[in-house]
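Structure at a glance
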2 protein chains.
Amino acid sequence: MTNPTTITAPEGLPFIEIEREVDAPVDAVYRAHTDPELIAQWLGPRGYEMEIERWDIKRGGGYRYIQRDGDGEYPFNGVVHSASVENGIVQTFEFEGFPGIVTLEYMSFEDLGDGRTRLHGRSVFPNLESRDGMLQSGMDVGVNEGYERLDELLAAAEKSVSA
Amino acid sequence: MTNPTTITAPEGLPFIEIEREVDAPVDAVYRAHTDPELIAQWLGPRGYEMEIERWDIKRGGGYRYIQRDGDGEYPFNGVVHSASVENGIVQTFEFEGFPGIVTLEYMSFEDLGDGRTRLHGRSVFPNLESRDGMLQSGMDVGVNEGYERLDELLAAAEKSVSA
């Protein structure tokens, strides 16, 4: 049984908000976001291969990756304003299929105790049209499947530590 | 006689928009934004000294500077998502007096011909409260005086080229 993911698009405001609980400690969840070998195993929908060109999630860093399935290639890039487990990650995000539409993403990692974490994400778009376009792109499938894959990755890591 | 600066805060949307015409060619106006020796001569209100720690305005670059007057120090920092005269500058912006409130700034440079340029700026805030706080901070004084100083700098450069 997986935890639910809440995706909210507030009326009239160019934001997408995501909330998700994860049954793993905050340090492990943060590492799964910042370690390139881990992120490649869970980000995005099932059935895609994630090729990482750069994954340098620290203040002043940046990233570029390509999601591939049988049909095509989807490259993304951004720069990292700041990143720490305490204050979360603030980074830009651009899908190169729509060059110039850049969003600012906030992701924070709330320690719930008992080895559990709550993720709070906010994407801030440059206008309402690009926010609505993102919603209509089917991004919810990628987000939901991605967090299911994150659960599986963290459960497998936990099992290998316990074994 | 200086050109007017238009600062707009659209009702209900977390944006501040700035428009300003400048009587100088687009390349010179862009260089005044990206060259650290030039930016230090005009950015911000009169009566402040701008100390630049880093000014690297290119894709993946970043900046940090401190505005100083008799009363205090005001440090700012950000990272640069992309920068070109054709597509403008997209960068983050954080006043370290309010750490964690990061905005995304778009600035584009429209060539009006006849050696004139129109600047279009948009700052995208993470919420309405921080946008309204910025408006109430007296930022309009800094923006207006900054562009007056930019006019003076570009006029002086033009004069020295013509001389």
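Preceding this paragraph is the structure being described.
To start, this report covers the structure provided alongside it. Worth saying up front: this structure is predicted, and the values here are computed from it rather than measured.

A short note on the sheet that holds strand β2 (residues 15-22) of chain A
Residue and element names in this part refer to chain A. Here we have 8 strands laid out as an open sheet, ordered β1-β2-β8-β7-β6-β5-β4-β3, and antiparallel in their pairing. Each end of this open sheet is capped by a strand with a single partner; those strands are β1 (5-8) and β3 (49-56). Put simply, the sheet's adjacent strands are angled 20° from each other on average, direction ignored. Two elements, strand β7 (residues 102-113) and strand β8 (residues 116-124), share 9 bridges in a ladder whose sense is antiparallel. The residue bridging methionine 107 from the neighbouring strand is glycine 121, located in β8.

Focus on the sheet that holds strand β4 (residues 62-68) of chain B
Residues and elements named next belong to chain B. Taken together, 8 strands build an open sheet; the order of strands is β1-β2-β8-β7-β6-β5-β4-β3 and the sheet is antiparallel. Each edge of the open sheet carries a strand with a single partner, namely β1 (5-8) and β3 (49-56). Across this sheet, the average inter-strand angle for adjacent strands is 20°, counted without regard to direction. Pairing geometry for β1 and strand β2 (residues 15-22), over 4 bridges, is antiparallel. Looking at β2, one finds that threonine 5 is bridged to arginine 20. Along the sheet, helix α1 (residues 26-34) contacts β2, β3, β5 (73-84), β6 (88-95), β7 (102-113) and β8 (116-124); its crossing angle with β7, the most-contacted strand, is approximately 155°.

What about the environment of Leu135(A)?
Residue and element names in this part refer to chain A. Relative to the helices and strands, leucine 135 resides in helix α3 (residues 128-136). In the structure, leucine 135 is positioned 127 residues away from threonine 8 in sequence and 9.8 Å away in space, judged by C-alpha atoms. Among all residues touching leucine 135, those that are not within four sequence positions of it are Ala9 and Ile16.

Section: the relation of the copies chain A and chain B
You can overlay chain A on chain B at an RMSD of 0.0 Å; the transform is a turn of 180° with a shift of 0.0 Å along its axis. The relationship between the two copies is best expressed as a two-fold rotation axis. Looking at the interface residues of chain A, 100% of them are also at the interface in chain B, so both copies use one shared face.

Quick look at helix α3 (residues 128-136) of chain B
The N-cap residue of α3(B) is Asn127(B): its side-chain oxygen and the backbone nitrogen of Glu129(B) are 3.4 Å apart. Once α3(B) ends, the next one or two residues include Gly138(B), with phi positive near 85°.

Quick word on unusual backbone geometry
Located in the positive-phi region is Asp114(A), a residue other than glycine, with phi close to 55°. Mapped onto the elements of the fold, Asp114(A) is located in the loop between β7 and β8.

Comments concerning the interface of chain A and chain B
At the interface, 26 residues of chain A touch 26 residues of chain B. Summed over both sides, the interface between chain A and chain B buries roughly 1800 Å², with carbon and sulfur atoms accounting for 63% of that surface. The interface formed by chain A and chain B includes 8 residue pairs in polar contact (both at pLDDT 80 or more). Elements with a contribution of two residues or more to the side of chain A that touches chain B: β5 (73-84), β6 (88-95), β7 and β8 of chain A. Looking at the side of chain A that touches chain B element by element, the count peaks at 5 residues for β5(A).

Brief notes about the environment of Ile89(A)
Structurally, the position occupied by Ile89(A) is in strand β6. With residues up to four places along the chain from it excluded, the contact list for Ile89(A) reads Tyr30(A), His33(A), Thr34(A), Ile57(A), Ser82(A), Ala83(A), Glu105(A), Tyr106(A), Met107(A) and Phe109(A).

Some words on the side chain of Arg149(B)
Residues and elements named next belong to chain B. Tracing the backbone through its elements, the reader meets arginine 149 in helix α4 (residues 139-162). One buried charge, arginine 149, has no salt-bridge partner; the nearest side chain with opposite charge is glutamate 152, at 6.0 Å. Within the structure, arginine 149 has its side chain in polar contact with the backbone oxygen of glutamine 41 (distance 3.3 Å). Of the polar contacts made by the side chain of arginine 149, one reaches the backbone oxygen of proline 45; its length is 3.2 Å. Once residues within four sequence positions are removed from consideration, arginine 149 is found in contact with Ala40, Gln41, Trp42, Leu43, Gly44, Pro45, Arg46 and Tyr48.

The rules behind these values
Residues numbered from 1 in each chain as written. Chains lettered and ligands numbered in written order. Predicted model: local features only at pLDDT ≥ 70, side-chain atom pairs only at ≥ 80, totals over all residues. Heavy atoms only, no water. Pairing = 2+ DSSP bridges. Helix = DSSP H or I, 4+ residues; strand = E, 2+ residues; numbered from the N terminus. Axes fitted to C-alpha atoms, helices over the stretch in contact; angles between N-to-C directions. Contact = heavy atoms within 4.5 Å. Least-squares fit on C-alpha atoms with pLDDT ≥ 70 in both. Polar contact = N/O pair within 3.5 Å; in protein donor to acceptor, adjacent residues only side chain to side chain. Buried area = accessible area lost by both parts, 1.4 Å probe. Buried < 20%, exposed > 50% of the residue type's maximum accessible area, 1.4 Å probe, protein only. Lys, Arg positive; Asp, Glu negative; His and termini not counted. Salt bridge = Lys/Arg side-chain N within 4 Å of Asp/Glu carboxyl O.

Any functional reading would require information that these geometric values do not contain.
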